[in-house]
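Here is how the chains run, residue by residue.
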Amino acid sequence: MRHFLNLTDAGGDAIAAMINDAMDRKAARAGMPKGAADKDAPLAGRTLAMIFEKNSTRTRVSFDMAIRQLGGTSLILDAGTTQLGRGETIADTARVLSRMVDAIMIRTDDHAKIEELAKHADVPVINGLTDYSHPCQIVADLQTVVEHGLALPGSKWAWMGDGNNVLTSIMEAAGLMHFDMVAACPQGFQPEDEAVALGKGRARVVADPREAAAGADIIVTDTWISMGQAGGEAKLKAMMPYQVTAALMAQAKPGAKFLHCLPAHRDEEVTADVIDGPQSLIWDEAENRLHAQKSVLLWCFGKLG
Ligand code: CP
Ligand code: NVA
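These remarks concern the structure in this document. (Residues numbered from 1 in each chain as written. Chains lettered and ligands numbered in written order. Predicted model: local features only at pLDDT ≥ 70, side-chain atom pairs only at ≥ 80, totals over all residues. Heavy atoms only, no water.)

### Some details on the pattern of salt bridges
Across all of its chains, the model carries 16 salt bridges by this definition. For Asp131, the salt bridge identified is with Lys54, shortest N-O distance 2.5 Å. With Asp131 in the loop between strand 4 (125-127) and helix 5 (135-147) and Lys54 in the loop between strand 1 (47-52) and helix 2 (58-69), this pair connects stretches of sequence that are 77 residues apart. Here Asp131 falls in the partly exposed class, since its relative accessible area comes to 44%. Between Lys235 and Asp162 there is a salt bridge; the shortest N-O distance is 3.2 Å. Taken together, the residues Lys235 in helix 9 (residues 233-239) and Asp162 in the loop between strand 5 (156-160) and helix 6 (165-177) connect sequence positions 73 residues apart. Exposure remark for Lys235: the relative accessible area of 6% places this residue in the buried category. Asp162 gets classed as buried once you look at its relative accessible area, which sits at 4%. (Salt bridge = Lys/Arg side-chain N within 4 Å of Asp/Glu carboxyl O. Helix = DSSP H or I, 4+ residues; strand = E, 2+ residues; numbered from the N terminus. Buried < 20%, exposed > 50% of the residue type's maximum accessible area, 1.4 Å probe, protein only.)

Quick look at the structure:
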């Protein structure tokens, strides 16, 4: 059973295959209506169920369109209106859904919940974001930088701000795809040692944003307050020196690119001139959620990697 709970479940070779397949499929369907299926419709007859315990725009729409373009269909479950919302166990939900659908994608809070779902499901389970990680986002990010001409091995990425779920998955990607990841995070908001270890020696955390940005090919950030996290003035104040500004971008390599998984908060984690400027890849990055999520689905169904 191929579950995709973290990038390591697939491994570096399969992720490379996902990136290539995503780019090939994207090119092959250029100009087709977005709702039309790819010519080979490799997942015809398959149904993906998606469970959301948190808000989503990109993950929800990209997976919905992804399964349709692969020839399959989807159903979207708001957890609060299912029996999960009334206390039915995750294990029983996994057993029931496995009898009716071909794969399950879930966005939830505690990562242990998705592990429990995968343990009891007889169909692939995909992580659509937990408090711990966001692997589907990072497949799209990797595709985006490769598409823009950067070779992943040996490239240098710099993260700014909160040591969150997106950072965990980028650090994991650094270890699998052999690039360097320097995260600049304020005291009290650094990633767990376990997340840094996923980088297999290629990920490290520093306090100084300029040190992290120096010579970077990619500067990446995310919201300072993730879904379900406590906010507050103290956190915003601690994060302010890590704001991605034009001056910080100037520390990176000439031609360095900017990534943000979105949704963004202009003039908090990034200034509007950077996120809406020529170095920003955010719209390609958002579009690539669709193409990359098709690759994730194909890998889960054993049709890739
Ligand atoms: N980047 C991302 O996962 O966006 P959504 O929260 O809109 O799904
Ligand atoms: N770190 C953010 C990512 C949103 C896509 C969050 O968890 O809210």
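Having seen the model, we can carry on.
### Let's talk about the packing of helix 1 (residues 12-28) against helix 12 (residues 282-300)
Helices that pack against each other are described as a pair by the angle of their axes relative to one another and the distance between those axes. The interhelical angle for the contact between helix 1 and helix 12, taken along N-to-C directions, is 125°, at an axis separation of 8 Å. Considering the angle they form, helix 1 stands oblique to helix 12. Here helix 1 and helix 12 pass one another in a crossing that is right-handed. Where helix 1 abuts helix 12, its residues Ala14, Met18, Asp21, Ala22, Arg25 and Lys26 lie against Glu287, Asn288, His291, Ala292, Lys294, Ser295, Val296, Leu298 and Trp299. Of the residues that constitute the contact of helix 1 with helix 12, the class distribution is 7 nonpolar, 3 polar and 5 charged. (Axes fitted to C-alpha atoms, helices over the stretch in contact; angles between N-to-C directions. Parallel < 35°, antiparallel > 145°, perpendicular 65-115°, else oblique. Left-handed = near helix turned anticlockwise from the far one by under 90°. Contact = heavy atoms within 4.5 Å. Nonpolar A, V, L, I, M, F, W, Y, C, P; charged D, E, K, R; others polar.)

### Observations concerning the pairing of strand 8 (residues 218-221)
The alternating pattern of strand 8 places Ile218 and Val220 on one face and Ile219 and Thr221 on the opposite face, and all of these are buried. Examined bridge by bridge, strand 5 and strand 8 share 4 bridges and lie parallel to one another. Residue Trp157 lies in a different strand from strand 8, and its bridge partner there is Ile218. As paired elements, strand 8 and strand 9 (residues 257-260) share 4 bridges and run parallel to each other. (Pairing = 2+ DSSP bridges.)

### Section: the site of ligand 1
Inspection of the region around ligand 1 gives Ser56, Thr57, Arg58, Thr59, Arg107, His134, Gln137, Cys261, Leu262 and Arg289 as its neighbouring residues. In this structure, an oxygen atom belonging to ligand 1 sits 2.6 Å away from a side-chain N or O atom of Ser56. For ligand 1, a nitrogen atom lies 2.9 Å from a polar atom in the backbone of Leu262. Protein burial of ligand 1: of its 250 Å² of free accessible surface, 95% is covered by the chains. Along the lines of polarity and charge, the residues of the shell around ligand 1 split into 2 nonpolar, 5 polar and 3 charged. (Near = heavy atom within 4 Å. Polar contact = N/O pair within 3.5 Å; in protein donor to acceptor, adjacent residues only side chain to side chain. Areas by Shrake-Rupley, 256 points an atom, 1.4 Å probe, with all protein chains shown as cover.)

### Some words on the site of ligand 2
In the vicinity of ligand 2, the residues found are Leu129, Asn164, Asn165, Asp222, Thr223, Ser226, Met227 and Leu262. Within the side chain of Asp222, an N or O atom sits 2.7 Å from a nitrogen atom of ligand 2. Here the residues of the shell around ligand 2 sort into 3 nonpolar, 4 polar and 1 charged.

### Points about the packing of aromatic side chains
Tallying each qualifying case throughout the model produces 2 aromatic pairs. Centre to centre, the rings of Phe4 and Trp299 are 6.0 Å apart; their planes meet at 65°, and the pair counts as edge-to-face. In this pair, Phe4 sits in the segment before helix 1 while Trp299 sits in helix 12, placing the two residues 295 residues apart along the sequence. Considered together, Phe4 and Trp299 belong to a single accessibility category, that of buried residues. For the ring pair Trp157 and Phe179, a centre distance of 4.5 Å and an interplane angle of 20° mean the geometry is stacked. Of this pair, Trp157 sits in strand 5 while Phe179 sits in the loop between helix 6 and strand 6 (180-184), and the two are 22 residues apart along the sequence. (Phe/Tyr/Trp six-rings, centres within 6.5 Å; stacked < 30°, edge-to-face > 60°.)

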